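So the chains spell out like this:
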2 protein chains.
Amino acid sequence: MYKQLKLDHQLCFRLYAAARMVMQAYTPLLHNLGITYPQYLVLMVLWENDGQPVNDIAHRLLLETNTVTPLLQRMEKEGLVTRHRGTVDKRQQIVSLTQKGKELEESASAVPLGLGKRMASCPMKLDDYILMAQQLDSIVEALKEDKTAKQK
Amino acid sequence: MYKQLKLDHQLCFRLYAAARMVMQAYTPLLHNLGITYPQYLVLMVLWENDGQPVNDIAHRLLLETNTVTPLLQRMEKEGLVTRHRGTVDKRQQIVSLTQKGKELEESASAVPLGLGKRMASCPMKLDDYILMAQQLDSIVEALKEDKTAKQK
DNA sequence: ATCAATTGCATCGCTCGCGATATAAAATAT
DNA sequence: ATATTTTATATCGCGAGCGATGCAATTGAT
């Protein structure tokens, strides 16, 4: 009746579905490495810059610290990272890669290509890819602003 | 070191982040209606076509039934839907809207516009919107095929 | 008609994701 | 210097989301 409520007219459902499908496509690849998709994201953050406080990791991934803390605890239990109190600010937990965590980077370097193969039937050209990345960024930016605005 | 592992080069992270941010933007709007985002999706499916088995709802939303079953149980507890054994196939649970569930449609019809306001600062034109919807569809299609292919 | 394979749904166990709340450390105010 | 506020992290409770497993109804094979 209300055409704005039709599922097929909604961008949000497509985003929701696509994000889950992509995560599912990653799962078997990451399973070989013994990690989950959010853990893979944390590792990418640390591979770029090792030894960050919980807050920085959370901000980078647009997650709350109460999501990241248990995630890191599980990763610590798996021997991927260590956590130490910050020396300057004793409230901070500085998260660092273990040897095992560092060594994972090399095996993980094959993951993006592996995903590419699964997307082979997807008719996206490089231009489409870049445009889409920009559009997603603009959505994220708009909603980040909106979110901080509401917090005031 | 491995540039393919840089977070900023990955479409998947943008998708993941954007999907979560959009869901977060919906949350306050849906909270007024007493429902969550996945429950909103189930209701949209039923508003389009009332009285569907669990499997059809799950397929429409690209979810597994073991996600949808508990979701429906919570919605039944909230008095939004009822579940009855199918008469033709007794394995099926036919899910139908209650009066409360039906009445929610009218209040929900304002939700998409409400979200539009939150996205006001997002510089997307109608053409961008349509193109993005198509691209997301092609990603979902490609990964659906890949998924069913692997199942064989 | 009988037996085997498939299908539809439910249950269990685990990881996320987040709002609400708690606690200690740091920054700021007075 | 002390009191107040803010910040960084942790904990709790709940709703997803999904792989694995179980069970009953249905379908297919012989």
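Residues numbered from 1 in each chain as written. Chains lettered and ligands numbered in written order. Predicted model: local features only at pLDDT ≥ 70, side-chain atom pairs only at ≥ 80, totals over all residues. Heavy atoms only, no water.

Participant: Could you give me a rundown of the nonpolar core, with the residues and numbers involved?
Facilitator: By size, the foremost hydrophobic cluster in this structure holds 106 residues, and its most contacted members are A:Y40 and B:Y40. Top element by residues in this core is helix α1 (residues 11–31) of chain B. It accounts for 13 residues. Those residues in contact with B:Y40 that sit more than four places away from it in its chain are A:L5, A:Q10, B:Y26, B:L30, B:I35, B:A108, B:V111 and B:P112. (Core = buried A, V, L, I, M, F, W, Y, C linked by side-chain atoms within 4.5 Å. Buried < 20%, exposed > 50% of the residue type's maximum accessible area, 1.4 Å probe, protein only. Helix = DSSP H or I, 4+ residues; strand = E, 2+ residues; numbered from the N terminus. Contact = heavy atoms within 4.5 Å.)

Participant: Now, about the pattern of salt bridges: what can you tell me, with residues and values included?
Facilitator: In this structure the tally under the stated criterion is 12 salt bridges over all chains. In this structure, A:R60 engages B:D8 in a salt bridge whose closest nitrogen and oxygen atoms are separated by 3.5 Å. Residue A:R60 is located in helix α3 (residues 54–61), and its partner B:D8 is located in the segment before α1; the two belong to separate chains. A salt bridge links B:K144 to B:E141, with the nearest nitrogen and oxygen atoms 3.3 Å apart. Of this pair, B:K144 and B:E141 both sit in helix α7 (residues 126–151), three residues apart, which is roughly one turn of the helix. A relative accessible area of 31% places B:K144 in the partly exposed class. When salt bridges that share partners are traced, they join A:D8, B:E48 and B:R60 into one network. (Salt bridge = Lys/Arg side-chain N within 4 Å of Asp/Glu carboxyl O.)

Participant: Just give me the short version of the domain arrangement of chain A, but keep the residues and values in it.
Facilitator: The domain boundaries assigned to chain A delineate domain 1 (26–108) and domain 2 (122–152). For domain 1 of chain A versus domain 2 of chain A, the distance between C-alpha centres works out to 24 Å. (Domains from an automatic or database assignment.)

Participant: Describe the protein's contact with DNA strand C, naming the residues involved and giving the relevant values.
Facilitator: In the vicinity of DNA strand C, 27 residues are found, and the nearest of them are A:T36, A:R74, B:Y16, B:Q24 and B:R91. Sugar plus phosphate, as a fraction of atoms of DNA strand C within 4 Å of the protein: 74%. A:K90 places a polar main-chain atom, nitrogen or oxygen, 2.9 Å from a phosphate oxygen of DNA strand C. With respect to DNA strand C, the backbone of B:V54 contributes an N or O atom lying 3.4 Å from a phosphate oxygen. Looking at the surface near DNA strand C, the elements that each hand over two or more residues are α2 (37–48) and α4 (65–77) of chain A together with α1, α3 (54–61) and α4 (65–77) of chain B. Partitioned by chemical class, the residues of the surface near DNA strand C number seven nonpolar, 12 polar and eight charged. (Near = heavy atom within 4 Å. Polar contact = N/O pair within 3.5 Å; in protein donor to acceptor, adjacent residues only side chain to side chain. Nonpolar A, V, L, I, M, F, W, Y, C, P; charged D, E, K, R; others polar.)

Participant: Would you mind going over the interface of chain B and chain A in detail, with residue names and values included?
Facilitator: Each partner contributes residues to the interface: chain B has 65 residues there, and chain A has 65 residues. At the junction of chain B and chain A, the tally comes to four salt bridges. The shortest N-O distance in the salt bridge between B:D137 and A:R14 comes to 2.9 Å. In this assembly, chain B and chain A are joined by 16 residue pairs in polar contact (both at pLDDT 80 or more). With 18 residues, the single largest contributor to the side of chain B that touches chain A is α7(B). Residue composition of the side of chain B that touches chain A, grouped by class: 41 nonpolar, eight polar and 16 charged.

Participant: Give me the lowdown on the sheet that holds strand β3 (residues 93–97) of chain B, citing residues and values where you can.
Facilitator: All names here are of chain B. Taken in spatial order, the three strands line up as β1-β3-β2 in an open sheet, and their pairing is antiparallel. Pairing within the sheet leaves two strands with one partner each, and these edge strands are β1 (52–53) and β2 (81–85). Across two bridges, β1 lies against β3 in antiparallel orientation. From the neighbouring strand, P53 faces β3, where its bridge partner is I94. (Pairing = 2+ DSSP bridges.)

Participant: Now, about the sheet that holds strand β3 (residues 93–97) of chain A: what can you tell me, with residues and values included?
Facilitator: All names here are of chain A. Pairing is antiparallel in the open sheet, where three strands are placed in the order β1-β3-β2. Looking along the sheet, the strands with just one partner apiece sit at the ends: β1 (52–53) and β2 (81–85). Across five bridges, β2 lies against β3 in antiparallel orientation. Its bridge partner lying in β3, R83 is registered against V95. Against the sheet, α2 makes contact with β1, β2 and β3, and its axis sits at roughly 90° relative to β3, the strand it touches most. (Axes fitted to C-alpha atoms, helices over the stretch in contact; angles between N-to-C directions.)

Participant: I'd like a rundown of the protein's contact with DNA strand D, residues and numbers included.
Facilitator: Neighbouring residues of DNA strand D: 26 residues in total, closest A:Y16, A:Q24, A:N55, A:R91 and B:R74. Among the atoms of DNA strand D close to the protein, meaning within 4 Å, 71% are from sugar or phosphate groups. Side-chain polar atom of A:Q73 to a phosphate oxygen of DNA strand D: 3.1 Å apart, as the coordinates give it. The contact in question runs from a base nitrogen of DNA strand D to an N or O atom on the side chain of B:N66, over 2.7 Å. Elements represented by at least two residues in the surface near DNA strand D include exactly α1 (11–31), α3 and α4 of chain A together with α2 (37–48) and α4 of chain B.

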